[in-house]
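Fold and contact review
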Amino acid sequence: MTRNVVLVGFSGSGKTTVGRELAIRLGLEFVDLDSAVEQKYHASIPHIFQKYGESVFRQCEYQTLMEKLAQSGLLIATGGGAPAFKDAMQQIKTHAFSVYLKLPEETLVYRLKNTKKRRPLTENLSQDELEEYVHETLRKRTPFYAMADLKVEEEKISIDEIALAISDHIL
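The structure contained in this document is the topic of the report that follows. From a predicted model like this one, the values you see are computed outputs, not experimental measurements.

**Points about the nonpolar core**
Judged by nonpolar contacts, the single largest core of 29 residues is most densely connected at Val8, Phe10, Leu65, Leu69, Ile76 and Val134. The set of elements that each furnish at least two residues to this core consists of β1 (4-8), α2 (33-41), α4 (54-69), β3 (74-77), α5 (88-95), β4 (96-102), α6 (105-114) and α7 (127-145). If you tally residues by element for this core, the top one is α7, at five residues. When near neighbours in sequence (up to four residues on either side) are disregarded, Val134 contacts Phe10, Glu105, Leu108, Val109 and Leu112.

**A few points about the pattern of salt bridges**
Between side chains of opposite charge, pairing is possible as soon as their charged atoms come close. Applying the stated criterion across every chain yields a total of seven salt bridges. In this structure, Lys40 and Glu67 form a salt bridge, with 2.3 Å as the shortest nitrogen-oxygen distance. Of this pair, Lys40 sits in helix α2 while Glu67 is found in helix α4, placing the two residues 27 residues apart along the sequence. In this structure, Glu61 engages Arg58 in a salt bridge whose closest nitrogen and oxygen atoms are separated by 2.9 Å. Separated by three residues within a single helix, Glu61 and Arg58 lie in helix α4, roughly one turn from each other. Accessibility assignment for this pair places Glu61 and Arg58 in one class, buried. Here the residues in one salt-bridge network are Glu21, Arg25 and Asp160, joined through shared partners.

Scoring rules and cut-offs
Residues numbered from 1 in each chain as written. Predicted model: local features only at pLDDT ≥ 70, side-chain atom pairs only at ≥ 80, totals over all residues. Heavy atoms only, no water. Core = buried A, V, L, I, M, F, W, Y, C linked by side-chain atoms within 4.5 Å. Buried < 20%, exposed > 50% of the residue type's maximum accessible area, 1.4 Å probe, protein only. Helix = DSSP H or I, 4+ residues; strand = E, 2+ residues; numbered from the N terminus. Contact = heavy atoms within 4.5 Å. Salt bridge = Lys/Arg side-chain N within 4 Å of Asp/Glu carboxyl O.

By themselves, these are just geometric observations and shouldn't be taken as functional.
Here is the structure:
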């Protein structure tokens, strides 16, 4: 049984990008939790948010995460809010090796402002609103992210170094 690895961090922190590469290097199957939710519920994340609201989305996301954590050999890139919902972070720590991809607020704001990916919680915010959203939401979520087994300040470390650090912890 191969232990799962779960990447946590704020939206725009690079969980999907880093996760895809890391999965290959660690010999794990890559799972983007947002994509898994969309496949399971046959609806896009923006559609779920628009039609049912954030609370229903979080329930769907949580259920999908629990199903994935019950499997093995996966590298899971969570959504930014997933670890802060219910007991998700405790479940992640129980069933996987967790890694917090940490970036400075300014970098997160820049990435979210310039992303082509639709993000329901930030897509219609002004620059000032986006900065405030990132600051406040990061403040609320950081205690959950900080519970991760390994914290990686991504701007200061390469994917090779992340892969080595993770493999040292799980092997």
